[in-house]
Amino acid sequence: MDLLEYPSNEQWEAASKAAELIAGQLAQLHSELVNLTAQVLAANAWSGGGIVSPEHWLMLRCALSPTRAKEIVAIARRQGEFPELERRFAAGSVSLDQLAVVAKHVPTTHAAAVVPFVEGATVPQLRRVLPRYVFAPTPADPASATPRTEPLDDGPALSMYTNSGRFHLHFTADPVDGALVESALREAKDALFIGGDASVTLADALLEVASRSLTAVPSTSRRDHYRVLVHLESDGRGWINKRGALPEHLMRKLTCDGSVRPVWLENAAPVSVGRSMRIVPRRTRALVEDRDLGCRFPGCTTTRFLENHHLTHWADGGASDIESVLSLCPRHHREHHQGHFTIEGTPTTPDGLTFRGRYGFAIQATVASNAPPPQHPPPDPQPIRGWPMDTRFIDFGPPDRVA
Ligand SMILES: [Zn+2]
Ligand SMILES: [Zn+2]
């Protein structure tokens, strides 16, 4: 449309009508994307070949931001729980951003009760009201009707063990101690996220907390005493701190990056047998990190804690120069050595590398083809939104009847 065709006093209305039509169409298309994502989740069709999450898959396929991808996945995971809102979403009168707030905060028991409010509220209003609203539990739900009685004075308990090549940790505590641990983990997770790792998990946060704690130990001798040592036999076997043997993929990953300096042993005596070539020289490391500016895996957003990967492992005669070394985040480095995907080509040009999944398909950040958009019926008109409101008087009533 061309707004200049309208006399000035009608431009506002014409512009608003045009924007509303586009908003409705956007909602319809978003609803299709959510439906597709729900199917992709159900079939696990996103996974494999280094794609770390459904969100990562969406970022790669649809060029979405991490936040938007997260919202779409969150809505897709709850698909079917908000039938009326989902119907209006598909018809175009409820937006993706509105539904994202609902999916995050509204229990299924109030799916119907919130409909008029959600449709009539702006996204900032929804964000202000829904997280703070106390949704009454359903009386019919025995879990919420009778609060579980736990002993109050149980101290925190923690157990650790290694089994089948994996380390396990189990922790229980009262909710106050739990909140302390949770806050520490969430802070560390956020710090890693700000550092550029969009797919950071709470498990990564625990590792961050542990490494910070060890780094903060003031005494050098004490720090050395608690250092994690990787012992590698020159015949290729290895273990950590006298535990069981390390799996082979882990060995290759540890000896691929120069940041771990293993203790080489021959007949249990430390040796230096010219293996130092394997370690990426500091200068090469800086050049590689400058060149790559983050993990080279397509769509990965990590820019910190990068590791150097050798295209040809040193044990197979690979060199440590910048044509044969590339940056990977710890997760993609690990997954590559576990065999989730292969890397070919030359890292010196932006498009020089080809990543392939287990079954040979190439993993690329492709952006939409020129396919025509799907045909939709005209969207429903946009409701009036943004009522002045006093949150004290918002009442979504009792929960919906449970069938
Ligand atoms: Zn590697
Ligand atoms: Zn990565």
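Every value quoted in this text rests on a predicted model; they were computed, and no experiment measured them.

Some details on the overall build of the protein
Phase 1: Each helix and strand counted, the protein has 14 helices and ten strands in total.
Phase 2: Expressed as a percentage of the 403 residues in the protein, the buried residues total 34%.
Phase 3: In the protein, 59% of the contacts between residues at least 6 apart in sequence involve partners at least 24 apart.

Regarding the coordination of the zinc ion (ligand 2)
Phase 1: The protein atoms donating to the zinc ion (ligand 2) are Cys295 (SG), Cys300 (SG), Cys329 (SG) and His332 (ND1), with metal-donor distances spanning 2.0 to 2.3 Å.
Phase 2: Angles of 99 to 114 degrees at the metal separate the four donor atoms of the zinc ion (ligand 2), which places the site in the tetrahedral class.
Phase 3: All donors of the zinc ion (ligand 2) belong to a single chain; written as a sequence motif, their spacing is C-x4-C-x28-C-x2-H. Placement of Cys300 in the loop between α13 (282-292) and β7 (307-310) and of His332 in helix α14 (residues 330-337) is noted, with a sequence separation of 32 residues between them.

Here's the deal with the packing of aromatic side chains
Phase 1: What the rule picks out here adds up to seven aromatic pairs.
Phase 2: An aromatic cluster is present here, built from Phe117, Tyr133, Phe135 and Phe396 joined pairwise through their rings.

A word on the side chain of Ser93
Phase 1: Here Ser93 is to be found in the loop between α4 (83-91) and α5 (96-105).
Phase 2: A polar contact is formed between the side chain of Ser93 and the side chain of Glu119, at a distance of 2.9 Å.
Phase 3: Those residues within four positions of Ser93 in sequence are excluded, and the remaining contacts are Arg88, Gln98, Glu119, Asp380, Pro381, Gln382, Pro383 and Arg385.

Section: the confidence of the model for the protein
Phase 1: Per-residue pLDDT for the protein averages 80, and the proportion of residues at 70 or more is 79%.
Phase 2: Predicted confidence is poor over residues 144-151, with pLDDT under 50, and the contacts of this stretch with residues over four places away or in other chains come to three contacts.
Phase 3: Below pLDDT 50 for its whole length, residues 270-278 participates in 18 contacts with residues either more than four positions away or in separate chains.

Some words on helix α3 (residues 66-77)
Phase 1: With twelve residues, α3 extends 16 Å from end C-alpha to end C-alpha; this agrees with the ideal 16 Å at 1.5 Å per step.
Phase 2: Those residues of α3 not exposed but buried are Ala69, Glu71, Ile72, Val73, Ile75 and Ala76.
Phase 3: Each element contacted by the buried residues of α3 is listed here: α1 (8-43), α2 (54-62), α5 and α7 (123-129).

Section: a nonpolar patch on the surface
Phase 1: A surface patch of nonpolar side chains, amounting to about 640 Å² of accessible area, comprises Leu158, Met160, Phe167, Leu169, Phe171, Val181 and Leu206.
Phase 2: Taken together, the elements giving at least two residues each to the nonpolar patch come down to β1 (157-163) and β2 (166-172).
Phase 3: Residue contributions to the nonpolar patch peak at three residues, all from β2.
Phase 4: Its place among the elements puts Phe167 in strand β2.

Observations regarding unusual backbone geometry
Phase 1: Located in the positive-phi region is Asn44, a residue other than glycine, with phi close to 55 degrees.
Phase 2: Tracing the sequence through the fold places Asn44 in the loop between α1 and α2.
Phase 3: In the Ramachandran plot, Leu293 falls in the positive-phi region, its phi being about 55 degrees despite a non-glycine side chain.

Structural notes on the pattern of salt bridges
Phase 1: As enumerated under the stated definition, the model contains 14 salt bridges in all.
Phase 2: In this structure, Glu119 and Arg88 form a salt bridge, with 3.0 Å as the shortest nitrogen-oxygen distance. Residue Glu119 is found in helix α6 (residues 115-120), and its partner Arg88 is found in helix α4; the two are separated by 31 residues along the sequence.
Phase 3: The exposure class assigned to Glu119 is buried, which follows from its relative accessible area of 15%.
Phase 4: Between Asp292 and Arg296 there is a salt bridge, with its nearest N and O atoms 2.7 Å apart.

Brief notes about the packing of α2 against α3
Phase 1: Remark: α2 packs on α3, axes separated minimally by 9 Å, with the N-to-C direction vectors making an angle of 125 degrees. Between α2 and α3, the angle is such that the two are oblique. Seen from above, α2 lies across α3 with right-handed handedness. Taking contact as the criterion, the partners of Pro54, Glu55, Leu58 and Met59 in α2 are, on α3, Pro66, Ala69, Lys70, Ile72, Val73 and Arg77.
Phase 2: Of the residues belonging to the contact of α2 with α3, the class tally is seven nonpolar, no polar and three charged.

How each quantity is defined
Residues numbered from 1 in each chain as written. Chains lettered and ligands numbered in written order. Predicted model: local features only at pLDDT ≥ 70, side-chain atom pairs only at ≥ 80, totals over all residues. Heavy atoms only, no water. Helix = DSSP H or I, 4+ residues; strand = E, 2+ residues; numbered from the N terminus. Buried < 20%, exposed > 50% of the residue type's maximum accessible area, 1.4 Å probe, protein only. Contact = heavy atoms within 4.5 Å. Donors = N, O, S within 2.8 Å, 3.2 Å for Na, K, Ca; no water. Tetrahedral: all angles 85-135°; square planar, octahedral: opposite > 155°, others 65-115°. Phe/Tyr/Trp six-rings, centres within 6.5 Å; stacked < 30°, edge-to-face > 60°. Polar contact = N/O pair within 3.5 Å; in protein donor to acceptor, adjacent residues only side chain to side chain. pLDDT = per-residue confidence, 0-100. Expected span 1.5 Å × (residues − 1). Patch = residues over 30% accessible without salt bridge, like charges linked within 9 Å, V, L, I, M, F, W, Y side chains within 5 Å. Areas by Shrake-Rupley, 256 points an atom, 1.4 Å probe, with all protein chains shown as cover. Salt bridge = Lys/Arg side-chain N within 4 Å of Asp/Glu carboxyl O. Axes fitted to C-alpha atoms, helices over the stretch in contact; angles between N-to-C directions. Parallel < 35°, antiparallel > 145°, perpendicular 65-115°, else oblique. Left-handed = near helix turned anticlockwise from the far one by under 90°. Nonpolar A, V, L, I, M, F, W, Y, C, P; charged D, E, K, R; others polar.

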